[in-house]
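Structure assessment
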Amino acid sequence: MTRGLGRVFSGFKRLVTLSVMWSMKHPMYSVPLRSPSVRSMAVLPLPFGKPKDLSLPNATWGPEMMQLYEHYNSLCKVEVEAEGGQKKVPWKRIPGYNRLLKYATGGVYLSKMIQSKARLFTRNIREPGAAFEYALFINSEEEKCVGIWQVGHLLEGPPGHVHGGAIATIIDTVTGCLASLSGAVMTANLNINYRSPIQLGNTVVVESIVDKREGRKKFISCKVTSPDGTKLHTEATALFLSIDINQLLLGR
Ligand SMILES: CCCCC/C=C\C/C=C\C/C=C\C/C=C\CCCC(=O)SCCNC(=O)CCNC(=O)[C@H](O)C(C)(C)COP(=O)(O)OP(=O)(O)OC[C@H]1O[C@@H](n2cnc3c(N)ncnc32)[C@H](O)[C@@H]1OP(=O)(O)O
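Just so it is clear, the model here is predicted, and its values are computed rather than measured.

Bringing the overall build of the protein chain into the picture now. For the protein chain, the count of helices and strands is 6 helices and 9 strands. Here the protein chain holds 252 residues, and 42% of them are scored as buried. Split by element, the accessible area of the protein chain, about 14,000 Å² in all, is 56% carbon and sulfur.

Right, let's get into the UniProt feature "domain: Thioesterase" (unreviewed entry) in the protein chain. This chain's UniProt record puts "domain: Thioesterase" (unreviewed entry) on residues 160-231. The distance from the first to the last C-alpha atom of residues 160-231 is 18 Å, and the span holds 22% helix and 43% strand.

Strand order in the open sheet formed by 7 strands is β3-β4-β5-β7-β8-β9-β6, and the pairing between neighbours is antiparallel. Both outer strands of the open sheet, β3 (91-94) and β6 (185-194), are each paired with one neighbouring strand and no more. Strand-to-strand, the axes of this sheet are offset by a mean angle of 20°, without reference to chain direction. Summarising the sheet, strand β4 (residues 132-139) and strand β5 (residues 144-151) pair through 8 bridges and their orientation is antiparallel. Pairing of N139 across the sheet is with K144, part of β5.

The phi angle at E143 is positive, at roughly 50°, despite the residue not being glycine. E143 gets classed as partly exposed once you look at its relative accessible area, which sits at 25%.

Pairing analysis gives 9 bridges linking β6 to strand β9 (residues 232-242), with the strands arranged antiparallel. In the sheet register, T187 faces β9, and the bridge partner there is F240. For strand β8 (residues 217-225) and β9, the ladder comprises 9 bridges, and the chain directions are antiparallel. Bridging across to β9, K223 finds its partner in E235. Taking the residues between adjacent antiparallel strands as the criterion, β8 and β9 are bridged by 6 residues, where G229 takes a positive phi near 80°.

Here the focus is the nonpolar core. Counting residues in each nonpolar core, the largest one holds 32 residues, and the members touching the most others are F132, L136, W149 and V206. Counting residues per element, the ones that place at least two in this core are β4, β5, α5 (164-179), β6, β7 (203-214), β8 and β9. In terms of residues, this core owes the most to one element, α5, which gives 9 residues. For V206, the contacting residues outside a window of four places in its chain are C145, V146, G147, W149, I170, V174, C222, K223 and V224. Among the nonpolar cores identified, the runner-up in size contains 12 residues, and Y69, C76, A135 and V205 belong to it.

How each quantity is defined
- By convention here, each chain's residues receive numbers from 1 onward along its written sequence.
- Under the rules for a predicted model, residues below a pLDDT of 70 receive no local features and side-chain atom pairs below 80 are neither given nor counted, while totals for whole chains, interfaces and linings still include all residues.
- Calculation of side-chain values draws on the structure's entire complement of heavy atoms; hydrogens and water are dropped beforehand.
- Helix numbers and strand numbers start at the N terminus; a helix is a DSSP run of H or I with at least 4 residues, a strand a run of E with at least 2.
- The cut-offs for exposure are 20% and 50% of the maximum accessible area for each residue type, with area from a 1.4 Å probe on protein chains only; residues under the lower value are buried, those over the upper are exposed, and the others partly exposed.
- The Shrake-Rupley method, run with a 1.4 Å probe sphere, supplies the accessible areas, and residue values consider only the shown protein chains as cover.
- UniProt positions are given in the numbering used here, feature names are shortened, and annotations may be inferred rather than shown by experiment.
- We treat two strands as partners when DSSP finds at least two bridges between them.
- Axes here mean lines fitted to C-alpha atoms, for a helix over just the part in contact, with angles spanning 0 to 180 degrees between N-to-C directions.
- The criterion is simple. A nonpolar core is a set of buried Ala, Val, Leu, Ile, Met, Phe, Trp, Tyr and Cys residues joined through side-chain atoms within 4.5 Å.
- Contact definition: two residues touch when any of their heavy atoms are within 4.5 Å.

Shown next, in the form of structure tokens:
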């Protein structure tokens, strides 16, 4: 019993530490803890273990996915010269969890998320390899996000090929990740040209860049290609608007 409670407590401590570290790096997730309505949603410690980072390779990843992962992961170790002669590592892998906010806000919204059983759409299928297998890499210097995706058999649209809605999801995720680099955003517009179908089980590379900013608006473009870049599958442009995340979460 005592050991059980100890595990609960240490799990909670780990969760809070991780959350604080993550929110320091990602200000969009930092929710002001002093807001009275937020305080009223604070929750009891719960027995979460270490969150599983789902953007790490698993046994279902094929050779192309692994090759791309190793390439972009190696970029995450390369230092470049930054202002003032300091060194910087511009590329970062974004960890992936099945509950976007669970590990991100110090538990503030946990009760809401647990009660709603909410799961991140792209991470909600438990069978590895069945749907979206992916990792996102972001370059904050160049304002660029690259996603490597292996698309599984549950995402079928036309026979043997990936559903257009699944492709839209992939694009929304990569462009959304880039757009949210400096704060919370919502997709306002997504414009997609499907150029060539993607076979189920294949791996694709999704590259996105910021084209333009205007006040709260970020215009982002994106292309989906084969791993060697020779085949263009999809092109898209997206408009994101920065939002107040408190308004979204508290439904104001
Ligand atoms: C909370 C997001 C979390 C994202 C986390 C991201 C990354 C984290 C790391 C890992 C990645 C993992 C997952 C990421 C996955 C996916 C990202 C998904 C994002 C989404 O999947 S999100 C769902 C779909 N999304 C919606 O459900 C939006 C519904 N919608 C609204 O919530 C509002 O509509 C809103 C907020 C968009 C705007 O509302 P608003 O009131 O704030 O602004 P308002 O309407 O006043 O417009 C201000 C100015 O924008 C212009 N404007 C507005 N809309 C336009 C349009 N469509 N086309 C052209 N211009 C437009 C106006 O014309 C005006 O322009 P001007 O100022 O020049 O007059």
